[in-house]
Structures are given as structure tokens and as C-alpha cells.
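Here is what each chain is made of, one letter per residue.
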Amino acid sequence: MLVCQCNMITSKEIEDIVLDLLRADPWQLVVPAKVYSELNRRAKCSGCVPNVVDIIVRVTENYHSQQALETGDVVSLPSGLDKLKKQQSGVRRERRSTSHRAA
């Protein structure tokens, strides 16, 4: 499907570029400017940028869901935070006593 009529860029080209960028660094932030840079083009009228963003989001979600660990290895955010709070409870973060705080 043709995404950018100004530059004649197809959705397949964008998907391939996003996958290449994610393979190089899976946790990088892929933005339309980076995609256009990899294609050696620039957004002329910028009418296609929302569609490019949708493609980037879709491809990134699919990539990370395929690379995801087994469900037993994934730690949910609330349980991970509770575990950290329990580990750090009682640890003094400042050298002053609590009665000496200015705020």
C-alpha cells in the first residue's frame, strides 16, 4: 500500500526499515524522522506522518510481542514495585534524622 505519495514510499518499505532499526537496538525510540532518514528522503507535505506513526507502532508492538519472554519470567509492574519497597524499607536515604528535615 502506498503511504507517502510525495516520495512514493510503500508500507512494506516502512515496515522493513522499522524492523531493521529494532533488530539493531530493540529498545530505541523509532520516530518518523528516523525512518525517512534511513530511506534518504524527507516528509515533504507531512500528510503521511500519522500513517507512518501507525505503522511504526504496529510493527514495534508485533516485534516485541514476538520477542517477549515466557509469561513466568515477566514481572508485573505492581508486584515488582512492591518487592522493591519491601527491600528498601528501613533503609535511611538521608544522613539526617527525620525530625531534622526542612520540608
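In what follows, the structure referred to is the one given above.
Draft legend 1. Main features of the nonpolar core. With 18 residues, the main nonpolar core has Ile14, Val18, Val30, Val35 and Val52 as its most contacted residues. Of all the elements in the fold, those that place two or more residues in this core are β1 (2–4), α1 (11–24), α2 (32–38) and α3 (49–67).

Draft legend 2. Broad picture of the pattern of salt bridges. Taken as a whole, this structure holds 3 salt bridges when the rule is applied. One salt bridge in this structure joins glutamate 15 and arginine 58, with 3.1 Å as the shortest N-O distance. Placement of the pair is glutamate 15 in helix α1 and arginine 58 in helix α3, with a sequence separation of 43 residues.

Draft legend 3. Quick look at unusual backbone geometry. The phi angle at asparagine 40 is positive, at roughly 60°, despite the residue not being glycine. By secondary structure assignment, the location of asparagine 40 is in the loop between α2 and α3. Even without being a glycine, serine 46 presents a positive backbone phi close to 65°. Tracing the chain through its elements places serine 46 in the loop between α2 and α3.

So, how was this worked out
- Residues numbered from 1 in each chain as written.
- Predicted model: local features only at pLDDT ≥ 70, side-chain atom pairs only at ≥ 80, totals over all residues.
- Heavy atoms only, no water.
- Core = buried A, V, L, I, M, F, W, Y, C linked by side-chain atoms within 4.5 Å.
- Buried < 20%, exposed > 50% of the residue type's maximum accessible area, 1.4 Å probe, protein only.
- Helix = DSSP H or I, 4+ residues; strand = E, 2+ residues; numbered from the N terminus.
- Salt bridge = Lys/Arg side-chain N within 4 Å of Asp/Glu carboxyl O.

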